[in-house]
There are 2 protein chains.
Amino acid sequence: MYKEKIPKTTIYRLAIYLRTLEKISREHRTFISSQEMGTLCGIDSAQVRKDLSYFGQFGEVGRGYSVKNLMDNLKKILKLYRRRWKVALAGVGHLGTALLSYRGFREAGFEISCAFDPDPKKIGKAIQNAKIYPPHRIEEIVSKEKIKIGIIAVPGDFAQDVAERMVSAGVRALLNFAPVRLNLPSGITVKNVDLSTELISLPFYLK
Amino acid sequence: MYKEKIPKTTIYRLAIYLRTLEKISREHRTFISSQEMGTLCGIDSAQVRKDLSYFGQFGEVGRGYSVKNLMDNLKKILKLYRRRWKVALAGVGHLGTALLSYRGFREAGFEISCAFDPDPKKIGKAIQNAKIYPPHRIEEIVSKEKIKIGIIAVPGDFAQDVAERMVSAGVRALLNFAPVRLNLPSGITVKNVDLSTELISLPFYLK
């Protein structure tokens, strides 16, 4: 419906707002102003109001946003309300293992339910709730489990192949940690995660 | 000089532009338009032009930006031009080990030169160029090596302590992967990395 008009960066910032609200709701806060949201998220408060205005009127005059109410609304917009998403992980090296144990994914409503790695010592084992399979079983397991979201944590040379296998089995959105640009059919959403970007912006602030 | 007025989000986007330019320079491209930069970075092209306009006039009429020239200018702005930054890492678990092997950091001009972990099996070993020390030696090693940038990849319960040790030894900017908000003196720059944020924004795009 509204999807054509909403900038991708707005959707990304909604995810930042949601994570921030989850943190402050643990501190038993009930209301928050757009100014404070902006400060906590490192985003201009006018941008906060503009992003939210695409979806409705969430603030209350003089009180700001209800934390609980805005969290629920953001979850509904982001399709995270009262539902969990199963995720397939390709690559159980150090990064993949770190991701399997990453609490934030579960808190946010995601469960890595299967993982793929060619290492015979890993195949057949389970980390958290994810059983580890060999890569040639990606199509079979992903389509059986009806998984729509994949994470790529394999070396760059293997990323395109495992991504294609996931997509052919029904995956429609990918989080890609491999340092390569994936070439996939239109209609597949890919988010490239570059861990360097945050580090690169630090020296600017050094005297 | 110009630092007061530049939004943090602009600095972050400059880092995205730089990483993107590094990728396309490998494809032997010499010029790029702000439209194409925007598309490759997932950022509105007007925003690209606005961000760059804080620092000068980099485009050429009818040709766009010189890839090499803009890369050099961005490196100068971000204090990455012809210099390398030493980085201290706290935590050599799965995430820390993945970060030690992460090629993108080195490409961007950073070298993790020392790491800290309490595991006796790890202490004294080296991964890449980083020797691993016990956490009680943070102050000693960080100040001896004159390190200004730290990465926190320890469990949440230990993050505040190791961050304080780094800061007392001279670290002025931190990349924090621990899922806690660090409480540090003003003047210390902290970037919190939340791996969930990108994942959270994916279901929105699923039909």
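Just so you know, these numbers come straight off a predicted model, no measurement behind them.

About the thresholds
Residues numbered from 1 in each chain as written. Chains lettered and ligands numbered in written order. Predicted model: local features only at pLDDT ≥ 70, side-chain atom pairs only at ≥ 80, totals over all residues. Heavy atoms only, no water. Axes fitted to C-alpha atoms, helices over the stretch in contact; angles between N-to-C directions. Helix = DSSP H or I, 4+ residues; strand = E, 2+ residues; numbered from the N terminus. Left-handed = near helix turned anticlockwise from the far one by under 90°. Contact = heavy atoms within 4.5 Å. Nonpolar A, V, L, I, M, F, W, Y, C, P; charged D, E, K, R; others polar. Buried < 20%, exposed > 50% of the residue type's maximum accessible area, 1.4 Å probe, protein only. Domains from an automatic or database assignment. Buried area = accessible area lost by both parts, 1.4 Å probe. Salt bridge = Lys/Arg side-chain N within 4 Å of Asp/Glu carboxyl O. Polar contact = N/O pair within 3.5 Å; in protein donor to acceptor, adjacent residues only side chain to side chain. Least-squares fit on C-alpha atoms with pLDDT ≥ 70 in both. Pairing = 2+ DSSP bridges. Arc of directions from axis to C-beta.

Caption draft 1: Quick peek at the packing of helix H1 (residues 8–26) of chain B against helix H4 (residues 67–77) of chain B. Residues and elements named next belong to chain B. Contact geometry of H1 with H4 gives a least axis separation of 10 Å together with a crossing angle of 145°. The crossing of H1 and H4 is left-handed. Two secondary-structure elements touch here, H1 through Leu14, Tyr17, Leu18, Leu21, Glu22, Ile24 and Ser25 and H4 through Val67, Leu70, Met71, Leu74, Lys75 and Ile77. Split into classes, the residues belonging to the contact of H1 with H4 amount to 10 nonpolar, 1 polar and 2 charged.

Caption draft 2: Just H4(B), in detail. Listed as buried for H4(B) are Val67(B), Leu70(B), Met71(B), Asp72(B), Asn73(B), Leu74(B) and Ile77(B). Immediately downstream of H4(B), the backbone of Lys79(B) shows phi near 60°, a positive value.

Caption draft 3: Focus on the domain arrangement of chain A. All names here are of chain A. Taken domain by domain, chain A holds domain 1 (2–77) and domain 2 (85–196). In this assembly, 4 residues from domain 1 lie in contact with 4 residues from domain 2. Interface area for domain 1 against domain 2, summed over the two sides, is near 300 Å², with a carbon-plus-sulfur share of 32%. Where domain 1 meets domain 2, there are 2 salt bridges. With a shortest N-O distance of 3.5 Å, Arg26 and Glu107 are connected by a salt bridge. On inspection of domain 1 and its partner domain 2, the count reaches 1 residue pair in polar contact (both at pLDDT 80 or more). Partitioning the side of domain 1 that touches domain 2 into residue classes produces 1 nonpolar, no polar and 3 charged.

Caption draft 4: Structural context of the relation of the copies chain A and chain B. When chain A is fitted onto chain B, the two copies agree to an RMSD of 0.0 Å after a turn of 180° and an axial shift of 0.0 Å. Expressed as an axis order, the relation between the two copies is that of a two-fold axis. Within chain A, the C-alpha atom positioned nearest to the axis of rotation is that of His94(A), 2.3 Å from it. Looking at the interface residues of chain A, 100% of them are also at the interface in chain B, so both copies use one shared face.

Caption draft 5: Representation of the environment of Ile16(B). Note that Ile16(B) resides in helix H1. Considered as a pair, Ile16(B) and Ile149(B) are 133 residues apart in the sequence and their alpha carbons are 19 Å apart.

Caption draft 6: Seen up close, the sheet that holds strand S4 (residues 85–90) of chain A. Residue and element names in this part refer to chain A. Strand order across the open sheet formed by 7 strands is S6-S7-S5-S4-S8-S9-S10, with mixed pairing between neighbours. Of all strands in the sheet, those with a lone pairing partner are strand S6 (126–127) and strand S10 (189–192), marking the two edges. Packed on one face of the sheet, helix H8 (residues 156–168) meets S4, strand S8 (149–152) and strand S9 (173–176) and runs near 170° to S8.

Caption draft 7: Structural view of the pattern of salt bridges. For the coordinates displayed, the defined rule picks out 25 salt bridges over all chains. Here Arg63(A) and Glu60(A) are joined by a salt bridge, their closest N and O atoms 3.5 Å apart. A relative accessible area of 34% means that Glu60(A) is categorised as partly exposed. As a salt-bridge pair, Arg165(A) and Asp161(A) come within 3.2 Å of each other at their nearest N and O atoms. Of this pair, Arg165(A) and Asp161(A) both sit in helix H8, 4 residues apart, roughly one helical turn. Residue classification places Arg165(A) among the partly exposed residues on the basis of a relative accessible area of 23%. Judged by its relative accessible area of 41%, Asp161(A) falls in the partly exposed class. Salt bridges here are not isolated pairs; linked through shared partners, they connect Arg19(A), Glu22(A), Arg26(A), Glu107(A) and Asp194(B).

Caption draft 8: Region of the structure containing the sheet that holds strand S2 (residues 59–60) of chain B. Residues and elements named next belong to chain B. Overall, antiparallel pairing links the 3 strands, which are arranged S1-S3-S2 in an open sheet. What marks the edges here is a single partner per strand, and that holds for strand S1 (31–32) and S2. As judged from the 2 bridges shared by S1 and strand S3 (residues 64–66), these two strands associate in the antiparallel manner. Bridge pairing in S3 places Ile32 opposite Tyr65.

Caption draft 9: Geometry of H8(A). All names here are of chain A. Buried within H8 are the following residues: Gly156, Ala159, Val162, Ala163, Met166 and Val167. Within H8, the buried residues cover an arc of 135° as seen down the axis, which keeps them to one side. Facing away from the buried side of H8 by over 90 degrees, the exposed positions are Asp157, Phe158 and Ser168. Buried residues along H8 sit against S4, helix H7 (138–144), S8 and S9.

Caption draft 10: Representation of the interface of chain A and chain B in the model. Residue-level contacts link 56 residues of chain A with 56 residues of chain B. Both sides of the chain A and chain B interface together cover about 5,700 Å² of buried area, and 72% of this is carbon and sulfur. Applying the counting rule to chain A against chain B returns 2 salt bridges. Linking chain A with chain B are 13 residue pairs in polar contact (both at pLDDT 80 or more). Where the side of chain A that touches chain B is concerned, the elements lending two or more residues are helix H1 (8–26), helix H5 (94–100), helix H6 (103–107), S8, S9, S10 and helix H9 (196–200) of chain A. No other element matches the 9 residues that H1(A) contributes to the side of chain A that touches chain B. Residue composition of the side of chain A that touches chain B, grouped by class: 34 nonpolar, 9 polar and 13 charged.

Caption draft 11: Inspection of unusual backbone geometry at higher detail. The residue His28(A) is not glycine, and still its phi comes out positive at about 60°. Following the sequence through the fold, His28(A) ends up in the loop between H1 and strand S1 (31–32). Taking the relative accessible area as the measure of exposure, His28(A) reaches 71% and is therefore exposed. Even without being glycine, Lys146(B) reaches a positive phi, approximately 55°. Relative to the assigned elements, Lys146(B) resides in the loop between helix H7 (138–144) and strand S8 (149–152).

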